[in-house]
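Residue-level structural notes
Read off the chains here:
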Protein chains: 2
Amino acid sequence: MMNEIISSTNITVHPTEESRIHEVDFNNLVFGKKFSDHMFEMKFSEGVWQEPVIKPFGTFEVTPASNVLHYGQAVFEGMKAFYVDENTVNIYRPETHHERFNHSCRRMCIPETSYETFIDALETLIRLDHQWVPKKNGTALYIRPFIFASDNLLAARSSDKFTYQIITSPVGAYYAEGFNPVSLTTPEKYVRAVVGGTGNVKTAGNYAASFLPAQKAKEKGFTQVLWLDAKEQKYIEEVGTMNIHFLIGDTLITPGLNGSILPGVTRRSVIALAKEWGYNVEERKISIDEVFEAYEDGSLKEVFGSGTAAVVSPVGLIEHNGKTIELDREKPGEFAQKCFDEITDIQYGRKEDQFGWVHPVSI
Amino acid sequence: MMNEIISSTNITVHPTEESRIHEVDFNNLVFGKKFSDHMFEMKFSEGVWQEPVIKPFGTFEVTPASNVLHYGQAVFEGMKAFYVDENTVNIYRPETHHERFNHSCRRMCIPETSYETFIDALETLIRLDHQWVPKKNGTALYIRPFIFASDNLLAARSSDKFTYQIITSPVGAYYAEGFNPVSLTTPEKYVRAVVGGTGNVKTAGNYAASFLPAQKAKEKGFTQVLWLDAKEQKYIEEVGTMNIHFLIGDTLITPGLNGSILPGVTRRSVIALAKEWGYNVEERKISIDEVFEAYEDGSLKEVFGSGTAAVVSPVGLIEHNGKTIELDREKPGEFAQKCFDEITDIQYGRKEDQFGWVHPVSI
Ligand SMILES: Cc1ncc(COP(=O)(O)O)c(C=O)c1O
Ligand SMILES: Cc1ncc(COP(=O)(O)O)c(C=O)c1O
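A quick note: this is a predicted structure, and the numbers were derived from the prediction, not measured.

Conventions we followed
- Residues numbered from 1 in each chain as written.
- Chains lettered and ligands numbered in written order.
- Predicted model: local features only at pLDDT ≥ 70, side-chain atom pairs only at ≥ 80, totals over all residues.
- Heavy atoms only, no water.
- Helix = DSSP H or I, 4+ residues; strand = E, 2+ residues; numbered from the N terminus.
- Rg over C-alpha atoms; globule rule 2.2 N^0.38 Å.
- Buried < 20%, exposed > 50% of the residue type's maximum accessible area, 1.4 Å probe, protein only.
- Contact = heavy atoms within 4.5 Å.
- Lys, Arg positive; Asp, Glu negative; His and termini not counted.
- Charge placed at Lys NZ, Arg CZ, Asp CG, Glu CD.
- Buried area = accessible area lost by both parts, 1.4 Å probe.
- Salt bridge = Lys/Arg side-chain N within 4 Å of Asp/Glu carboxyl O.
- Polar contact = N/O pair within 3.5 Å; in protein donor to acceptor, adjacent residues only side chain to side chain.
- Pairing = 2+ DSSP bridges.
- Least-squares fit on C-alpha atoms with pLDDT ≥ 70 in both.
- Near = heavy atom within 4 Å.
- Areas by Shrake-Rupley, 256 points an atom, 1.4 Å probe, with all protein chains shown as cover.
- Nonpolar A, V, L, I, M, F, W, Y, C, P; charged D, E, K, R; others polar.
- Axes fitted to C-alpha atoms, helices over the stretch in contact; angles between N-to-C directions.
- Parallel < 35°, antiparallel > 145°, perpendicular 65-115°, else oblique.
- UniProt positions renumbered as here; feature names shortened; annotations may be inferred.
- Core = buried A, V, L, I, M, F, W, Y, C linked by side-chain atoms within 4.5 Å.

As for the overall build of chain A
Helix and strand counts for chain A come out as 7 helices and 20 strands. The C-alpha atoms of chain A give a radius of gyration of 21 Å, which matches the 21 Å a tight globule of 363 residues would have. Dimensions of chain A, computed from the C-alpha atoms along their principal axes, are close to 65 × 50 × 35 Å. Here chain A, with 363 residues, has 61% of them falling under the buried criterion. Contacts in chain A between residues at least 24 apart in sequence constitute 71% of all its contacts with a sequence separation of at least 6. The averaged location of the 49 negative side-chain charges in chain A is 5 Å from the averaged location of its 36 positive side-chain charges.

Things to note about the interface of chain A and chain B
Every contact between the two is made by 58 residues of chain A and, on the other side, 58 residues of chain B. Summing the contributions of chain A and of chain B, the shared interface buries around 4,800 Å²; its carbon and sulfur component is 70%. On the chain A side of the interface with chain B, the three residues burying the most area are A:P64, A:L154 and A:F211, jointly 14% of the side's total. If you look at where chain A meets chain B, you find 0 salt bridges. For the interface between chain A and chain B, the tally reads 16 residue pairs in polar contact (both at pLDDT 80 or more). In terms of residues, the side of chain A that touches chain B owes the most to one element, helix α4 (residues 204-219) of chain A, which gives 9 residues. Where strand β5 (residues 60-62) of chain A and strand β5 (residues 60-62) of chain B come together, 3 bridges link them in antiparallel fashion. Counterpart to A:E61 in the pairing with β5(B) is B:E61.

Digging into the relation of the copies chain A and chain B
Overlay of chain A on chain B (RMSD 0.0 Å): rotation 180°, translation along the axis 0.0 Å. Both copies of the chain, as the preceding transformation shows, are related through a two-fold rotation axis. A symmetric contact is evident, with 100% of the interface residues of chain A recurring at the interface of chain B.

Details of the site of ligand 1
Residue and element names in this part refer to chain A. Not every one of the 15 residues close to ligand 1 is listed here, only the nearest: K202, Y207, E238, T266 and T308. In this structure, an oxygen atom belonging to ligand 1 sits 2.8 Å away from a side-chain N or O atom of R100. Contacts to ligand 1 include V265, whose backbone N or O atom sits 2.8 Å from an oxygen atom. Here ligand 1 has 390 Å² of accessible area as a free molecule, and 95% of this is covered by the chains. Mapped onto the shell around ligand 1, the elements with two or more residues apiece are α5 (265-276) and β17 (300-307). Among the residues making up the shell around ligand 1, the classes are represented as 4 nonpolar, 7 polar and 4 charged.

With respect to the pairing of strand β10 (residues 162-171) of chain A
All names here are of chain A. The element β10 is largely enclosed, with a buried count of 10 among its 10 residues. Judged by which residues are buried, β10 turns out to be covered on both faces: F162, Y164, I166, T168 and P170 on one side and T163, Q165, I167, S169 and V171 on the other are all buried. Both strand β2 (residues 38-45) and β10 contribute to a ladder of 5 bridges, which runs antiparallel. Bridging from a neighbouring strand, F44 pairs with F162 of β10. With 10 bridges connecting them, strand β9 (residues 140-149) and β10 associate as antiparallel partners. For F146, the partnering residue across the bridge sits in β10 and is Q165.

Section: the packing of helix α5 (residues 265-276) of chain B against helix α7 (residues 334-347) of chain B
Residues and elements named next belong to chain B. At a closest axis distance of 10 Å, the pairing of α5 and α7 adopts a crossing angle of 110°. As far as their axial angle goes, α7 and α5 are roughly perpendicular. Touching T266, S269, V270, L273 and A274 of α5 are F335, C339, E342 and I343, all from α7. Residue composition of the contact of α5 with α7, by class: 6 nonpolar, 2 polar and 1 charged.

Digging into unusual backbone geometry
Positive phi, close to 45°, is recorded for A:R93, a residue that is not glycine. By secondary structure assignment, the location of A:R93 is in the loop between β8 (88-92) and α2 (94-107). A positive phi is found at B:V311, a non-glycine position, where the angle reads about 70°. For B:V311, the position within the fold is in strand β18 (residues 311-320). Accessibility expressed as a relative area gives 8% for B:V311, which makes it buried.

Brief notes about the UniProt feature "modified residue: N6-(pyridoxal phosphate)lysine" (unreviewed entry) in chain A
Residues and elements named next belong to chain A. Annotation from UniProt places "modified residue: N6-(pyridoxal phosphate)lysine" (unreviewed entry) at K202. Tracing the backbone through its elements, the reader meets K202 in the loop between β11 (182-185) and α4. On the basis of relative accessible area, K202 is assigned to the buried category, the value being 11%. Residues contacting K202, with those up to four places away along its chain left out, are A74, V75, F76, E77, G78, R100, S104, Y207 and L262.

Observations regarding the nonpolar core
Formed by 213 residues in total, the largest nonpolar core has its most connected members in A:F246 and B:F246. When near neighbours in sequence (up to four residues on either side) are disregarded, B:F246 contacts B:I236, B:T251, B:L252, B:I253, B:I286, B:V291, B:L300, B:E302 and B:V303. Counting 6 residues, the second largest nonpolar core, distinct from the first, contains A:V191, A:A230, B:V191 and B:A230.

Some points on the site of ligand 2
All names here are of chain B. Lining the immediate surroundings of ligand 2 are 15 residues, of which K202, Y207, E238, T266 and T308 lie closest. Between ligand 2 and E238, the relevant distance is 2.4 Å, taken from a nitrogen atom to a side-chain nitrogen or oxygen of the residue. One of the side-chain nitrogen or oxygen atoms of T308 is found 2.6 Å away from an oxygen atom of ligand 2. Here ligand 2 loses 95% of its free accessible area of 380 Å² to cover by the protein chains.

Structure (structure tokens):
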């Protein structure tokens, strides 16, 4: 049966001879640990992307001189597909993710890829591995497209060869045990990104750079880092690996895309919903001082992060230079909850997709 | 005979059964392309560094979920060893390189390594592969120690497993065809690093981030990028992947280690020599405007980069916002030449090593 699945572009499919699905406990999914039977792969050499293939998920060989191990020339995306019913799986905003993927490629000197191949790869993978898409509410198939430099040369310059892969992984509900508002602290010495750097693209090095500050925040008892801008350590940029939003009075304020903030796909969804619902929406610089002032005068209603993993992540506490903001530490605010409900309803096909966000795949 | 080489700590040596040295044309060495017969490897797991081994250079397997491909948690060093005579090879400043290696590890949440194992690995590799150390003046054995995250989990957090490898590669003379002063331009939109980020450590992502600006500088006809500080785009930080020095009057001015500049080992050597020779030495902020003013009033005598690859790299031209500084475009200045001669004389054992920079290995 599997052999009947064919791609609409020209992806050669080598189906697995033996599924590993029995190894997975769908009631205890750990994020990013188990990978579906198949993966997509396409290599770049001689100045062009070569033939795409889908084949069994598996290891590959690298040499110690592999460019990516030394110079970090790599980009990735993180997205999800949702079980609707026995006939349909919804991919969430694949075009927007692919647009960002290419944007990341341009900044990192990695050759761009076509949306045609991307969406065909996703559809074909989902069809082949439809049994890996978990069914319970809150669960999803996490999709990880990525490209890395694969030259074997120790020269600190852009590679001539690249490997593009897409792997998928069933993931459990982020809020299986209910919402848990996070506590944030601003890092004392560290910054995530600066305008002119790579903060606005999804490249490997951004994440490694954030591990130490994240660890220090944890040691101080906070869940995550609230990132301030690198130049003045004054304006709020992101939270952990999410975008951030503030509901002050009836206005949703989201830090504007200044060049060092990652343009989140969920961020765009939240902003679109807020506009649709008639809120004032401002994308602009917002300083940590402004947030403290709004807290003191009582107009700060909600703070929450947004990202593919959690959809929304309510913030219960913010610490900055010894001062503290305390919001609801038990449950999300009304607005964050409404965003969560609306976005997940659209993702699981429970509500009309008026924005054209989901890409249904017949399985 | 090879089997007799044993390490002084506890490195297990698996010598190769067949040397690949006949594949190498020692008269046409391309940087970082051919690797010596042996490599060092040590893995970190269960919270400790495991048994170190030296084995034939070769490929290894990774899974598509390998942490380093996605999050860039990786550090490296770049250093050289020099052929002195049939009995001796000199490693240049291994302690200083190892100190920086550990400093990079700390910033990147990678477990530190001991100097004992490091130097033993280098000595053992050089003894095993002494025939790979090229003999001509200007040539060297390039040494690349590196550590990368090797967890197979798509979680954006520090890995629990790491792989530490050291590979070596014979390299030709950087100035085989004579010195060639470089031309520089300041990038319009891009920065290399910012205080609070990772610019002061040798981590993978810094290099990938610099590929696009380097490419743009080349397209405009310049050899390399002159990096300015990220906050004000005013103070000079580095040049390409080298540190930078200015001889203004009788003063050697080198940008101070502010937190976003890589502390170069060659930079330290240049500063030590300048002091030894009685120059005024200043490590401090130096703005691009100050350099232009010194050029206009005639006090700017020399500009040069410093790094392991080139030792010194004279700068012949600097372009910034349409204005140009033109220095000697044919040959290095007197001071840069003197640094080059002194450092290489010490490296090849032609001159007394008064600073204790070289670590001789009996082969
Ligand atoms: C640094 C960073 N910011 C923000 C986001 C949120 O982006 P998205 O909503 O597209 O998942 C992510 C996660 O993908 C991220 O890594
Ligand atoms: C960014 C950067 N700056 C400066 C240097 C010079 O350092 P070193 O003299 O230790 O080679 C290097 C090269 O190693 C580098 O990569």
